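Secondary and tertiary structure notes
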Amino acid sequence: MKHLYLFLLCGCSCTMSFSQNMRMVAIGSSTAGGTGSFPLDSSWVGRFRHYYVTQQGIASVVHNLGVGGYTCYQGMPTSYSPPSGSPGPQPGYNVTMAVSLLAGMAIPENGVVIVNYPTNGYNTFTIAEIMTCLQTIYDSATRLGNKCYIATTQPRGDAAFNTSAVKRKLADIKDSIINRFGVSNTINFYDGMYNPADSTILPAYKSAVDDIHFNNTGHRILFERVQAKNVFGIALPIKLHQFTAALQDKKVMIKWTATHDDPDGAFTIQRSHNGQGFESLQQIPVQKQAGNHSYTFTDETPLPGTSYYRLAIRERERMYYSKMATVKNTLPVLTIKKLYPVPAGKTLQLEMMAARTQPVAIELINNTGIVLQRLKRTIPNGTGIVMIPVTHLIAGAYFIRISGQDGQSLIRPFSK
């Protein structure tokens, strides 16, 4: 019992140290602060905290130093002296405070600073001074080994920003940020978020109260982009969001979406006629890039009757299953897929599909209606092949008739 106690204590300690070694600090303005979202847990930082701290237990803490109205100058190190007329650093909410909140970590790169100053002041600041600010913040955040990610600009359409020149400038600043820090160290909060007609925020993402901020849906997209960056560099488990199966044009279309960062994970599509015994149809590896992904698979030869589909999900060292999706196929319970070769040689092969395992009666009939041969076989659930000897038949035209246990009869012609 003593050894068991020590083992459990060690396991708990390992789990706690894993979590406590990951921290994130967000600095920025109102988007980082959560303006536009309701409740604040719906903001991108709130979603980040819920996912990495509460849900996955990867990070021990997420600090949010975002303050509405702040510019990149207010995020500068405390020791920085701004140019005349520009706002100065705000101790307690700047990069100096962010670095102090990450101090003392055994592995400094497990501490992350995300910088989110999307627009404030950018209508009057020059691009050069904006880049100087962001570069200084980045260098201060990373000098002790912590990681830093710079979020780009975002679209905006209020009065001061509602000119073609300023809108173009926001796009140019976005490009400048990506060019300066590289794709790997930036998070794009601009592309896909603006209306191409006027470069304002897309209506689906715009706050109901202004043309400056994102709503809950917009913040969710921002979080997904941060999540896709995998700032902690940890393989995240696969989280299935949606799984559906539907009959379309005599085929079953299977769709699902999932969030993951496990390059070795895989999905296996499985099918059953009774919801108990499943056969595997296809294995699909996960997308290598972390984040949200959509997947599709088409069952070209669905079973007649009711079928059950599910995903076998393999991640890391475990396997688990999705909920089942049910599809009702209006095809007959018994169908003939193929009859070959035609003309037949020594053997005629009959490929059938059945909604359940069942006995069938098979009759060979000549073109005058006389039954030449009777056979009894059992057709398995799914696809089955029956081999029928026809060496005794002379050349000519014939029919094969299959009768199921529910009285259904199928007739197909063939030649010898």
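Coordinates for the structure precede this section.
Since this is a predicted model, take the numbers as computed values, not measurements. (Residues numbered from 1 in each chain as written. Predicted model: local features only at pLDDT ≥ 70, side-chain atom pairs only at ≥ 80, totals over all residues. Heavy atoms only, no water.)

Strand order in the open sheet made by the three strands is β6-β7-β10, with antiparallel pairing throughout. The outermost strands of the open sheet, each flanked by one partner alone, are β6 (239-248) and β10 (291-299). Put simply, the sheet's adjacent strands are angled 15° from each other on average, direction ignored. One ladder, built from nine bridges, connects β6 with strand β7 (residues 251-260); its direction is antiparallel. Bridge pairing in β7 places Ala 246 opposite Met 253. (Pairing = 2+ DSSP bridges. Helix = DSSP H or I, 4+ residues; strand = E, 2+ residues; numbered from the N terminus. Axes fitted to C-alpha atoms, helices over the stretch in contact; angles between N-to-C directions.)

If you look at the biggest cluster of nonpolar residues, it comprises 34 residues, and the most contacted ones within it are Ile 27, Val 113, Val 115, Tyr 117, Tyr 122, Leu 134 and Ile 150. Every element with two or more residues in this core is listed here: β1 (23-28), α4 (95-101), β3 (111-116), α5 (127-142), β4 (147-151) and α6 (164-181). Here the element with the most residues in this core is α5; it accounts for seven residues. Not counting the four nearest positions on each side in its chain, Val 115 is found in contact with Ile 27, Leu 134, Ile 137, Cys 148, Tyr 149, Ile 150 and Ala 151. Core analysis: the second largest hydrophobic core is formed by 28 residues, Tyr 51, Ile 201, Val 226 and Phe 232 among them. (Core = buried A, V, L, I, M, F, W, Y, C linked by side-chain atoms within 4.5 Å. Buried < 20%, exposed > 50% of the residue type's maximum accessible area, 1.4 Å probe, protein only. Contact = heavy atoms within 4.5 Å.)

Oppositely charged side chains can pair when the atoms bearing their charge come close. In total, this model carries twelve salt bridges according to the counting rule given. Its salt-bridge partner being Asp 299, residue Arg 271 comes within 2.8 Å of it at the nearest N-O pair. Here the residue Arg 271 occupies a position in strand β8 (residues 266-272), and Asp 299 occupies one in strand β10, the gap between them amounting to 28 residues. The buried category is assigned to Arg 271, whose relative accessible area is 5%. Overall, the relative accessible area of 4% leaves Asp 299 in the buried class. In this structure, Lys 337 engages Glu 351 in a salt bridge whose closest nitrogen and oxygen atoms are separated by 3.4 Å. In this pair, Lys 337 is assigned in strand β14 (residues 334-340) and Glu 351 in strand β15 (residues 347-354), connecting sequence segments 14 residues apart. By relative accessible area, which is 34% here, Lys 337 ends up partly exposed. Judged by relative accessible area, which is 12%, Glu 351 ranks as buried. (Salt bridge = Lys/Arg side-chain N within 4 Å of Asp/Glu carboxyl O.)

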